Amino acid sequence: MAVEPAITMDQVDVVLSGHTILRGLDFSIARGAFVGVIGPNGAGKTTLIRLILGLIHPSTGTIRVLGMPVGKGRRRIGYVPQSFAADPDLPLRAKDLVGLGLDGERWGFALPSRSRQQRIQEMLDRVGASAYANEPVGTLSGGERQRLLIAQALLTNPDILLLDEPLSNLDIRSGHEIIELVDEIARERQVTVLFVAHDMNPLLTVMNEVLYLAQGRAVVGSVDDVVQPEVLSRLYGQPVDVLRVRGRILVIASDSVVPLTHFEGVAHGQPSSPHL
Amino acid sequence: MHGLQYIVAAGFFQSPEVQVALMVGSAVAVTSAVVGTFVVIRGQSFLGHALGDVGSTGAAGAALIGIQAIWGFLSGGLVAGVAVDVLSRRPRERDVATGVVLSSMLGLSALFIYLITQLSSSTGVTQEILFGSIFTVAPRLVWPLSVLSVLALMLIGFLYRPLLLSSVSEDAALSRGVPVRLVSLLFLLAMITAVEQSALVVGALLSTALLIGPAATAIRFTRQLGYTLLLATVFALADTWVGILLAYNSFTWPPAGRGWPVSFFIVAIMVFLYLVSQIIPRAPSRRADKGGDSQ
């Protein structure tokens, strides 16, 4: 029996309050792939994530997650939100936040148990967060919070990990650390990763596929196949240039000097990480 | 035992009013502390305050038709809670919706209170609605009030994990299949119960004090939710008991020898505890490694 792809979309359109947000999504993502979900603001990245989680439904077309209809597959998806609300006084320690990943959706409160503690502790160790396991989450930095959210999402051993712009509140160095961490864990546990980002450059060394979204449409494939002037021009519906400079990629609309994606890395002169 | 006479005025524990006040006050204190902790965590203090204020409309209505104030408080809270929920489709609209509901209900309250004063030529009822009436609670209300408290506490116990998760990250909660909207509606019910009960004790205007005060104080001293709930409960109970005691003692105080309002004492103690908690520095970080991110 052939292994079902992680995610399959068949002619999916999403219409929300009269606006077509996504149209004609038709692709499949293989198990174990590391996919960068790239696109400008408003391209429908968050809608795509919500669609895969089954929080919104396609107007037409079908989606299958791990060979199952979306709602059912949800328990095998780990979701990492952009951030979380926490002021410094919030009485919740790092390990309590991670623990919510184990059973936060169940009614009632969790009875303390050794195996529960142990699973949480192992996950904290794995993401390198044990040093601040007992700190209130509101006192932690953006990078630290992101590690906790990743740990929280991984506790139930999901087959798919969805990360919604995890780099958006991070400095470049913490960003690279998070990418490396996700990459390592994904290989180790054979998890399929959908990593939403504004800029594809930090992900170039780790992703095997790019899911490029613009104007509510998507193209999926290798970076070399997808990030091409003809492909992106068709996607954006306007002429687009693609520049490759010292291992980095710039996507620029021909009628504008403003790059369509954002390039902090270039401005800081950081070469992309040489390791893979 | 003799020293106690100077602290507790004669007849304190024998007085039936005091016995009822202590029982009702304790039930209300525990519920307010527990629910209030989640109100503070969820940043819903304004809604909590509004629910107390609009309770006065219900209570004034109840006085007009001659039923117990608590049922008026509860129906006022329910009407307002439902109205706020219906009007605030998006989280950002919640404060505006709360403000609109609050002012329209208070307008009605002004009319009811005017009618009360015209019909009964007494200001006692108004005073009780706005500033509490713990010493005049009918003894037969002890049971229903305790049952309401237990129900609100059970509801919080039931909602515990999904409520916490959706307070910290609604997206994470949704992704795990938590019915976030149902959870927040059920929490609203617990909130109405807690606020309206405490409106009965300390009055509609001050019910937020018992809801927010002990929780906001306890949060400063704890870093685990379980301990926060426990400490908030201790603060709320101690505050209510001492407040009742002082109010009882104040029957011999100037100017009139009629006793000062309980709500004054309860709020004064609460504010004092809160101020102390803000002055005492927070416990230092116990981080094992100051290195942080880079490992």
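Data block above holds the structure.
The rules we used
Residues numbered from 1 in each chain as written. Chains lettered and ligands numbered in written order. Predicted model: local features only at pLDDT ≥ 70, side-chain atom pairs only at ≥ 80, totals over all residues. Helix = DSSP H or I, 4+ residues; strand = E, 2+ residues; numbered from the N terminus. Rg over C-alpha atoms; globule rule 2.2 N^0.38 Å. Contact = placed C-beta atoms within 7 Å. Buried ≥ 20, exposed ≤ 12 C-beta atoms within 10 Å, placed from the backbone. Pairing = 2+ DSSP bridges. Nonpolar A, V, L, I, M, F, W, Y, C, P; charged D, E, K, R; others polar. Axes fitted to C-alpha atoms, helices over the stretch in contact; angles between N-to-C directions. Core = buried A, V, L, I, M, F, W, Y, C linked by C-beta atoms within 7 Å. Left-handed = near helix turned anticlockwise from the far one by under 90°.

Student: How should the overall build of chain A be read in this particular structure?
Tutor: Counting its regular elements, chain A contains 9 helices and 12 strands. For 276 residues, the compact-globule estimate of 2.2 N^0.38 gives 19 Å, and chain A sits close to it at 19 Å. The C-alpha extent of chain A, read off along each of the three principal axes, is 60 × 45 × 40 Å. Once local pairs closer than 6 in sequence are excluded, the contacts in chain A between residues at least 24 apart make up 65%.

Student: Help me understand the overall build of chain B, please; the structure alone is not making it clear to me.
Tutor: Helix and strand counts for chain B come out as 12 helices and 0 strands. Helices and strands in chain B line up, N terminus first, as α-α-α-α-α-α-α-α-α-α-α-α. Taking 295 residues into account, the globule formula puts the C-alpha radius of gyration at 19 Å, and chain B, at 20 Å, falls close to it. Here the C-alpha coordinates of chain B stretch approximately 70 × 50 × 30 Å along the principal axes. Counting over 295 residues, chain B shows a buried share of 49%. Intrachain contacts of chain B at a sequence separation of at least 6 include 73% that bridge at least 24 residues.

Student: What exactly am I supposed to notice about helix H6 (residues 124-131) of chain B here?
Tutor: All names here are of chain B. Among the residues of H6, those classed as buried are Thr126, Glu128, Ile129 and Leu130. In this structure, the buried residues of H6 make contact with helix H3 (45-65), helix H4 (69-87) and helix H5 (94-120). Just downstream of H6, glycine 132 is the residue with a positive phi angle, here 100°.

Student: Looking at this model, I keep getting lost on the sheet that holds strand S1 (residues 7-16) of chain A. Mind explaining?
Tutor: Strand pairing in a sheet relies on backbone hydrogen bonds, with the paired strands running either antiparallel or parallel. All names here are of chain A. Ordered in space as S2-S1-S4-S5, the 4 strands form an open sheet in which the pairing is antiparallel. The outermost strands of the open sheet, each flanked by one partner alone, are strand S2 (19-29) and strand S5 (68-69). Pairing of strand S4 (residues 60-65) with S5, which is carried by 2 bridges, proceeds in the antiparallel orientation. Directly across from arginine 64, in S5, lies its bridge partner proline 69.

Student: Quick question: what am I supposed to make of the interface of chain A and chain B here?
Tutor: A common way to report how large an interface is uses the accessible area buried once the components associate. Between chain A and chain B, the residue contacts involve 36 residues of the former and 33 residues of the latter. Counting residues per element, the ones that place at least two in the side of chain A that touches chain B are helix H3 (94-103), helix H5 (142-154) and helix H6 (172-189) of chain A. Looking at which element gives the most residues to the side of chain A that touches chain B, the answer is H3 of chain A, with 4 residues. Of the residues that constitute the side of chain A that touches chain B, the class distribution is 18 nonpolar, 8 polar and 10 charged.

Student: What exactly am I supposed to notice about the sheet that holds strand S8 (residues 192-197) of chain A here?
Tutor: Residues and elements named next belong to chain A. Read from one edge of the open sheet, 6 strands run S6-S7-S8-S3-S9-S10, paired in mixed fashion. Single-partner strands in this sheet number two, and they are strand S6 (77-80) and strand S10 (217-221). Between one strand and the next, the sheet's axes are offset by a mean angle of 15°, whatever the strand orientation. In this sheet, strand S9 (residues 209-214) lies alongside strand S3 (residues 34-38) in parallel orientation, the contact comprising 4 bridges. Its bridge partner lying in S9, valine 37 is registered against leucine 211.

Student: So what exactly am I meant to see when it comes to the nonpolar core here?
Tutor: Grouped burial of nonpolar side chains is what soluble globular proteins tend to show. Core analysis: the largest hydrophobic core is formed by 169 residues, its most contacted members being Val35, Ala151, Leu162 and Phe195 of chain A together with Val35 of chain B. The element best represented in this core is helix H2 (residues 16-41) of chain B, accounting for 15 residues. Apart from residues no more than four positions distant in its own chain, leucine 162 of chain A is found in contact with Ile49, Ile52, Ile77, Tyr79, Val80 and Leu194 of chain A.

Student: Would you mind showing me how to read the packing of helix H7 (residues 142-168) of chain B against helix H9 (residues 180-202) of chain B here?
Tutor: Residue and element names in this part refer to chain B. Relative to each other, H7 and H9 sit at 145°, their axes nearing to 9 Å. Handedness of the crossing formed by H7 with H9: left-handed. Every residue of H9 that contacts H7 at Leu145, Leu148, Ser149, Leu151, Ala152, Leu155, Ile156, Leu159, Pro162, Leu163 and Ser166 is listed here: Val180, Val183, Leu186, Phe187, Leu189, Ala190, Thr193, Ala194 and Gln197. Class assignment of the residues belonging to the contact of H7 with H9 gives a composition of 16 nonpolar, 4 polar and no charged.

Student: Hey, could you run me through unusual backbone geometry in this one?
Tutor: It is generally the case that most residues other than glycine have a negative phi and that most peptide bonds are trans. Residue and element names in this part refer to chain A. Backbone geometry at glutamine 11 places phi at a positive 50°, although glycine is not the residue there. In this fold, glutamine 11 is placed in strand S1. Note on glutamine 11: 12 C-beta atoms within 10 Å, which makes it exposed. Unusually for a residue other than glycine, arginine 246 sits at a positive phi of about 45°. Tracing the sequence through the fold places arginine 246 in the loop between strand S11 (240-245) and strand S12 (248-253).

Student: Sorry if this is basic, but what is going on with the pairing of S2 of chain A here?
Tutor: Along a regular strand, successive side chains alternate from one face of the sheet to the other. All names here are of chain A. Where S1 lies against S2, 7 bridges are found, and the strand directions are antiparallel. If you follow valine 12 over to S2, its bridge partner there is leucine 25. Here S1 hands over to S2 after 2 residues, with serine 17 in that stretch at a positive phi of 35°.

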